[in-house]
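So you can see what is in the structure, the chains are spelled out below.
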Amino acid sequence: MKSAAFEYARASSLDEVCDWLRKDGDDAKLIAGGQSLVPMMAMRLTRPARLININEIDALKFITVEKDHARTGACTRQCVIARDGALANAVPLLKQALEWVGHVQTRNRGTVGGSLVHADPAAEMPLVAQILGAQMVLRSHTGTRTVAAAEFFEGPLTTATRADECLEEIRWPRWSEKRMGSAFTEISRRHGDFALVAAAAQIAVDENGSCTRVNFGLAGGGYIPMAFPKLAARLVGSKLEDDIVESVVNDAATEFDPGGDLHASPDYRRQLAAVLTTRMLRAAYENASNCK
Amino acid sequence: MEKLYPVAIEVNGKPRSAQVPARLSLVDFLREELRLTGTHVGCEHGICGACSVMLDGDPVRSCLMFAVQADGHRITTVEGLTPADGTLSVLQDSFCEAHGLQCGYCTPGMLIASQALLNATPNPSEEQIRDAIGGNLCRCTGYRQIVDAVKLAAGRLAEQK
């Protein structure tokens, strides 16, 4: 047995989870898909005293598409989210990003909520949450609160979730523009690995092809996945002419300030950041322009 | 003495139950408690895919689940792919025919991943096959013959219908 010993409990409701977390939230860890947590436990990078299984709580598994946003339950599996047609229409970036997450076997088990709470700086779902400005609904014994992505991600593997809180659902804002497009890509050593650098963009255009709303972001090698709303705002009104894109993208790569490791130096990551962001801006623009 | 927890799972159609430590992985439970050693243990942290099994019909990594989490669920291992008479399944025979294995270590995981594909997509494209086995590492074949084997099996299964 590779993991350190722990006590185990299977929760049947969110109330039960909150009650247990109130009693010993500091020593307990929630397990959803477990596709990141279990490897960390196997390597003993983490040794929770108590594991609370939330996989059997049906109330945490749902997808609903509403006027202003789509809502997904925290324990909805990645494979379920990836194949939901209505969700793909409402928030296309989610499905585009999930194609880069792990493999068939890990997506069958992994949850989008788990990816967000785990908050790996190179993971795809936190980047999507940052770009769209997703809202995380956190539940504890005292009630619920909603935290925006910009405040949710605090650092590598660190979020604003308190020890007595459980992620209940995620709200993904919808862009209501008629001509809207998005795109996601990444470079990793093998497909399915964490990204050396990931880039994504979402753009709305008017009937003349001028951008009316833009956001984009980067992950991998950084401290947390980042969106660049201020830089993106400079592209509003443009048709993504070469000079303005180059200027914005270079500023983003500098602000991203990636670190280096065995796999990629900071310079290489900065270059990837600029190249991939340019490609994704252009791809999102093209997808937006092709909307009828 | 470490605390034990009850597990009751349907494995290859048969109900199996035991008392196990919470930290016992599903693959160790299958191999060491149930002696179903067809499922292989590779990296033990979710990279290689050798331990793939089906959980309620979907392929998952059995090293990334604790046996207690599978309580009440249905597991299919590579042993469960063979017909009752003990002969090879169409997919297994196609792996032999197309030289889809050499050392055989990755094979149980490859068979589970590709059988799950064929169950959902009877006539898969090469891209779909490569995507389905994308989470399974093979150090011998270079994957070419594995893809050929899955294609061969898809054709044979279509003929049987």
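What counts, and at which threshold
- Residues numbered from 1 in each chain as written.
- Chains lettered and ligands numbered in written order.
- Predicted model: local features only at pLDDT ≥ 70, side-chain atom pairs only at ≥ 80, totals over all residues.
- Heavy atoms only, no water.
- Phe/Tyr/Trp six-rings, centres within 6.5 Å; stacked < 30°, edge-to-face > 60°.
- Helix = DSSP H or I, 4+ residues; strand = E, 2+ residues; numbered from the N terminus.
- Buried < 20%, exposed > 50% of the residue type's maximum accessible area, 1.4 Å probe, protein only.
- Lys NZ or Arg CZ within 6 Å of the ring centre and 35° of its normal.
- Pairing = 2+ DSSP bridges.
- Contact = heavy atoms within 4.5 Å.
- Axes fitted to C-alpha atoms, helices over the stretch in contact; angles between N-to-C directions.
- Parallel < 35°, antiparallel > 145°, perpendicular 65-115°, else oblique.
- Left-handed = near helix turned anticlockwise from the far one by under 90°.
- Buried area = accessible area lost by both parts, 1.4 Å probe.
- Salt bridge = Lys/Arg side-chain N within 4 Å of Asp/Glu carboxyl O.
- Polar contact = N/O pair within 3.5 Å; in protein donor to acceptor, adjacent residues only side chain to side chain.

Caption draft 1: Structural context of the packing of aromatic side chains. All names here are of chain A. One pass over the full model with this rule turns up four aromatic pairs over all chains. Summarising the aromatic geometry, the rings of Phe 216 and Phe 228 are spaced 5.5 Å apart at their centres and angled 25° between planes, so their arrangement reads as stacked. Pair noted here: Phe 216 is in strand 13 (residues 211–219) and Phe 228 is in the loop between strand 14 (226–227) and helix 10 (229–233), with a separation of twelve residues, a long-range link. The residues Phe 216 and Phe 228 share a single accessibility class, namely buried. Here Arg 50 stacks its cationic end above the ring of Trp 20, 5.6 Å away from the centre of that ring. The ring of Trp 175 is capped by Arg 213, whose NZ or CZ atom sits 4.2 Å from the centre of that ring.

Caption draft 2: Structural detail: the sheet that holds strand 14 of chain A. Residue and element names in this part refer to chain A. An order of 11-12-13-14 is seen for the four strands of this open sheet, with the pairing classed as antiparallel. Each end of this open sheet is capped by a strand with a single partner; those strands are strand 11 (180–187) and strand 14. Of the pairings in the sheet, the one linking strand 11 to strand 12 (residues 197–205) comprises eight bridges and is antiparallel in character. Note on strand 12: the bridge partner recorded for Gly 181 is Ile 203. The sheet contacts of helix 8 (residues 124–132) involve strand 11, strand 12, strand 13 and strand 14, and relative to strand 13 the element is tilted by about 150°. Along the sheet, helix 11 (residues 242–256) makes contact with strand 13 and strand 14, crossing strand 13 at roughly 35°.

Caption draft 3: Region of interest: the pairing of strand 5 (residues 69–73) of chain A. All names here are of chain A. For strand 4 (residues 63–65) and strand 5, the ladder comprises three bridges, and the chain directions are antiparallel. Within strand 5, the residue paired with Thr 64 across the bridge is Arg 71. Hairpin connection between strand 4 and strand 5: a loop of three residues separates the two successive antiparallel strands. Summarising the sheet, strand 5 and strand 10 (residues 166–173) pair through five bridges and their orientation is antiparallel. Bridging across to strand 10, Arg 71 finds its partner in Arg 171.

Caption draft 4: Structural context of the packing of helix 11 of chain A against helix 12 (residues 266–289) of chain A. Residues and elements named next belong to chain A. Two elements in contact, helix 11 and helix 12, have axes separated by 9 Å at closest approach and are oriented at 135°. When the axes of helix 11 and helix 12 are compared, the pair comes out oblique. Seen along the crossing, helix 11 lies across helix 12 with a hand that is right-handed. Of the residues in helix 12, those in contact with Asp 242, Val 245, Val 249, Asn 250, Ala 253 and Phe 256 of helix 11 are Arg 270, Ala 273, Ala 274, Thr 277, Thr 278, Leu 281 and Arg 282.

Caption draft 5: Fine view of the interface of chain B and chain A. On the side of chain A, 31 residues touch chain B, which itself brings 28 residues to the contact. Three residues stand out in chain B for area buried against chain A, namely Arg 23, Leu 64 and Gln 69 of chain B, and they jointly supply 26% of the buried area on that side. At the junction of chain B with chain A, the criterion picks out zero salt bridges. Between chain B and chain A we count eight residue pairs in polar contact (both at pLDDT 80 or more) in total. Every element with two or more residues in the side of chain B that touches chain A is listed here: strand 3 (52–55), strand 4 (58–61) and helix 4 (126–132) of chain B.

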